[in-house]
Amino acid sequence: MTDYDHDFYNPAPEPARAVIRAVPHPAELNPRGITITCTACGARRDWLLLAVHDQIFVRCRCAHEWREPDLTRADFDLHYIEPEHEWDDFDTAMRALAFDGMMAGAIWNE
């Protein structure tokens, strides 16, 4: 069997794409009864929640991001419906969602 035949009949699996689910959360977050505040800029609302496997991360408009152990996958799933968009990489997604730091300090009226 040649290398050509081997590749044709037994193709190498394509590398799995990292899946990150994201959902905007415009309100305050207070999973422990204490409002979460961004340690980089002091924001208290307008977050992007990111689910990576069973870990939940919070991202601020200033682009500061951290794993939030007090938020569970169940908390995330309450707000997540289905994907609306898919991007080729994380940086492109953050720019498209305006969580890349360019909107740091911007406040939206609810």
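Whatever comes next refers back to the structure up there.
These notes cover the structure that comes with them. (Residues numbered from 1 in each chain as written. Predicted model: local features only at pLDDT ≥ 70, side-chain atom pairs only at ≥ 80, totals over all residues. Heavy atoms only, no water.)

Focus on the packing of aromatic side chains
Taken as a whole and judged by the stated rule, the model has one aromatic pair. Arranged with centres 5.7 Å apart and planes meeting at 85°, the rings of Trp47 and Trp66 form a pair that is edge-to-face. On the criterion of sequence distance, the pair formed by Trp47 in strand S2 (residues 45-52) and Trp66 in strand S4 (residues 65-67) is long-range, its members being 19 residues apart. Residue classification places Trp47 among the buried residues on the basis of a relative accessible area of 0%. The class of Trp66 is buried, set by a relative accessible area of 18%. We note Arg61 situated over the ring of Phe99; from NZ or CZ to the ring centre the distance is 4.1 Å. (Phe/Tyr/Trp six-rings, centres within 6.5 Å; stacked < 30°, edge-to-face > 60°. Helix = DSSP H or I, 4+ residues; strand = E, 2+ residues; numbered from the N terminus. Buried < 20%, exposed > 50% of the residue type's maximum accessible area, 1.4 Å probe, protein only. Lys NZ or Arg CZ within 6 Å of the ring centre and 35° of its normal.)

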